[in-house]
Amino acid sequence: MPSFSPLEWPVFRQLRTGDKYGRGPAVQSPRTRATESRTATADRVVQSVCPFCAVGCGQKVYVKDDRVIQIEGDPDSPISRGRLCPKGASSEQLVNNPMRQRTIRYRAPYAAEWTDLDLDTAIDMIADRFVESRRRTWQDTDDQGRVLRRTMGIASLGGATLDNEENYLIKKLFTAAGAIQIENQARI
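Looking at an unreviewed UniProt entry, one finds the protein named Formate dehydrogenase major subunit, with Gordonia otitidis as its source organism. On record in UniProt, under Subcellular location (unreviewed entry), the comment for the protein is "Cell envelope". A UniProt comment under Sequence similarities (unreviewed entry) is attached to the protein, and it reads "Belongs to the prokaryotic molybdopterin-containing oxidoreductase family."

What follows is the structure, encoded as structure tokens:
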């Protein structure tokens, strides 16, 4: 166990260095002085936008060896000016969580187990079901002959992790397909 001189106690260092209020180097231990920030070792910093809500707070994503090591608020962002809410501050966990799903999972009707699908198969299944539902539930006119051109068999409920551009494209897609039930969780 190392021995420490009482002259190295913070109060004596404070008096010796002239650190009047004890907020400077006088109160730092050798271990604290040797500590290096996680962000100082990053290979690069990437600007991003928080994925949690529609506010669009700016983030600085610190990357080392192609792995996210830290996410902080971007002080250059005119929206958040370097601040992040608790969800935004924890968004590094979205990327590095060991429980994160990295495959497309599918459970067939009445099946007890999930299976993995490749991306092309999953997209084809979704497109086929979308088109079939639209075809089966299409309403060209109502009982009095008024033009409807809509489907009640398709709806969209967007999440708060979608940005404005994604919501814009989803709204255009579903409107063009004839869906009228288009909503976002931010309004509910």
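Chemist: What is the right way to read the UniProt feature "domain: 4Fe-4S Mo/W bis-MGD-type" (unreviewed entry) in the protein from this model?
Modeler: Taking the numbering used here, the UniProt-annotated feature "domain: 4Fe-4S Mo/W bis-MGD-type" (unreviewed entry) corresponds to residues 43-99. Helix makes up 16% of residues 43-99 and strand 35%, with an end-to-end C-alpha separation of 26 Å.

Chemist: Explanation requested: the sheet that holds strand β1 (residues 44-49) in the structure shown.
Modeler: Within a sheet, neighbouring strands are paired by backbone hydrogen bonds and run either parallel or antiparallel to one another. Taken in spatial order, the three strands line up as β1-β2-β3 in an open sheet, and their pairing is antiparallel. Each edge of the open sheet carries a strand with a single partner, namely β1 and β3 (67-73). Looking at each pair of strands side by side, their axes are set apart by 30° on average, direction ignored. Summarising the sheet, strand β2 (residues 58-64) and β3 pair through six bridges and their orientation is antiparallel. Following the sheet pairing, V63 is matched in β3 by V68.

Chemist: Is there a simple way to think about unusual backbone geometry in this case?
Modeler: A negative phi angle is the norm for most residues apart from glycine, just as the trans form is the norm for most peptide bonds. With a phi angle near 55°, D65 is a residue other than glycine that sits in the positive phi range. Backbone geometry at R81 places phi at a positive 50°, although glycine is not the residue there. Within the fold, R81 resides in the loop between β3 and α3 (86-89).

Conventions and cut-offs
- Residues numbered from 1 in each chain as written.
- Predicted model: local features only at pLDDT ≥ 70, side-chain atom pairs only at ≥ 80, totals over all residues.
- Heavy atoms only, no water.
- UniProt positions renumbered as here; feature names shortened; annotations may be inferred.
- Helix = DSSP H or I, 4+ residues; strand = E, 2+ residues; numbered from the N terminus.
- Pairing = 2+ DSSP bridges.
- Axes fitted to C-alpha atoms, helices over the stretch in contact; angles between N-to-C directions.

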